[in-house]
Amino acid sequence: MKTVRFGVVVFPGSNCDHDVYYVLKTLLKQDVRFLWHKQTSLEDCDVIILPGGFSYGDYLRCGAIARFSPIMKEVAGFAARGGIVMGICNGFQILCESGLLPGALIRNRSLRFICKNVSLKVENKKSIFTNSFVKADINQFKLPIAHAEGNYICDENTLSELESNKQILFRYIDNPNGSLADIAGIINKEGNVMGMMPHPERACEKLLGSEQGLNIFRSITESFN
Amino acid sequence: MYSAKVKVTLRKSILDPQGKAVETSIRSLGYDKVTDTRIGKYIELTLDVESEQEARRVMDEICSKLLANPVMEDYEFEITEIKSS
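This section reports on the structure supplied with the text. Owing to the predicted nature of the structure, the values given are computational and were not obtained by experimental measurement.

### Quick notes on helix 6 (residues 214-222) of chain A
Leu214(A), Asn215(A), Ile216(A), Phe217(A), Ile220(A) and Thr221(A) are the residues of helix 6 of chain A that are buried. Each element contacted by the buried residues of helix 6 of chain A is listed here: helix 1 (17-27), strand 3 (47-50), strand 4 (84-88), helix 4 (135-138) and strand 7 (141-147) of chain A.

### Comments concerning helix 1 of chain A
Each full turn of the α-helix corresponds to 3.6 residues, which orients residues three or four apart in the same direction. Those residues of helix 1 of chain A that fall on the buried side of the exposure criterion are Asp17(A), Asp19(A), Val20(A), Val23(A) and Leu24(A). Those residues of helix 1 of chain A that are buried lie in contact with strand 1 (5-10), strand 2 (31-36), strand 3 and helix 6 of chain A.

### With respect to unusual backbone geometry
All names here are of chain A. A positive phi angle, near 70°, is found at leucine 60, a position not held by glycine. On the basis of neighbour count, leucine 60 is assigned to the partly exposed category, with 17 C-beta atoms found within 10 Å. The backbone of lysine 166 sits at a positive phi, close to 55°, despite the residue not being glycine. Relative to the helices and strands, lysine 166 resides in the loop between helix 5 (156-164) and strand 9 (168-172). Owing to 15 C-beta atoms within 10 Å, lysine 166 belongs among the partly exposed residues under this scheme.

### Looking at the sheet that holds strand 3 of chain A
Residues and elements named next belong to chain A. Judged by pairing direction, the sheet is mixed, and its 9 strands sit side by side in the order 2-1-3-4-11-10-9-6-7 without closing on themselves. Either end of the sheet is taken by a strand with one partner, and the two such strands are strand 2 and strand 7. The mean inter-strand angle of the sheet, taken between neighbouring strand axes irrespective of direction, is 25°. Pairing of strand 1 with strand 3, which is carried by 3 bridges, proceeds in the parallel orientation. In the strand pairing of strand 3, phenylalanine 6 is matched with valine 47.

What counts and what doesn't
Residues numbered from 1 in each chain as written. Chains lettered and ligands numbered in written order. Predicted model: local features only at pLDDT ≥ 70, side-chain atom pairs only at ≥ 80, totals over all residues. Buried ≥ 20, exposed ≤ 12 C-beta atoms within 10 Å, placed from the backbone. Helix = DSSP H or I, 4+ residues; strand = E, 2+ residues; numbered from the N terminus. Contact = placed C-beta atoms within 7 Å. Pairing = 2+ DSSP bridges. Axes fitted to C-alpha atoms, helices over the stretch in contact; angles between N-to-C directions.

Spelled out as structure tokens, the structure:
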């Protein structure tokens, strides 16, 4: 088994960075390092993770300012060369703002911050991020969500492209936030950039109630073997 | 010197849940003739440039790159010259 080198980007206001680090390092025994957002080197990482949180206090729009952090130029170049990039929650918002993923995330339909476990299903099980799902979890698995701006939108053409290219990775079974087509997570056309609102890093140990989030991180490491 | 006043609003095609909630509240006050409530952002800034044309060009760039997200928002701005006294 190859040990995969993960880089977790830390923006001012990131707050799920240590959770991802812990899962990858302690539970999955991978090589992990933090990358400060002002860095211009990705330190030869194989996978870049943009973690959840409130980068720049969500000022202006969620992710709008983080998108211009120096490291994002490198992340965009890395993604264009086929490098694997995953954005969780605020990381998903940053990927949309930077144009690495289509669409945008607006205020939840209820206007409330929603923090709860939700049921999801895998729509495309052949991606880098879903290839090693436990069979029983594919049609229904649970992850926590914690966001106020998780309502995914895009125009009609983009939606039909997402559908026909199998870019919709995860859908909510009971839509919590108003997202178009129940979208909870998507990949880019090439399949190497992924963004999702739910938090898999918060569901990786039985002690915390669920290990179903491991499906996603294991799929990534498996894709290197 | 020029002053710019920018308005950023959610695009018409996008449901504005905040506007909707505020409208419900307005109507509950008895103003039942109110419709189409939309909530946006207002931004003011000063530009140290030579001409109005230059100010407009720079503002278009700033708005499309950062102040508004074209996927979900529209923007408009007013430019006025600041006369030094």
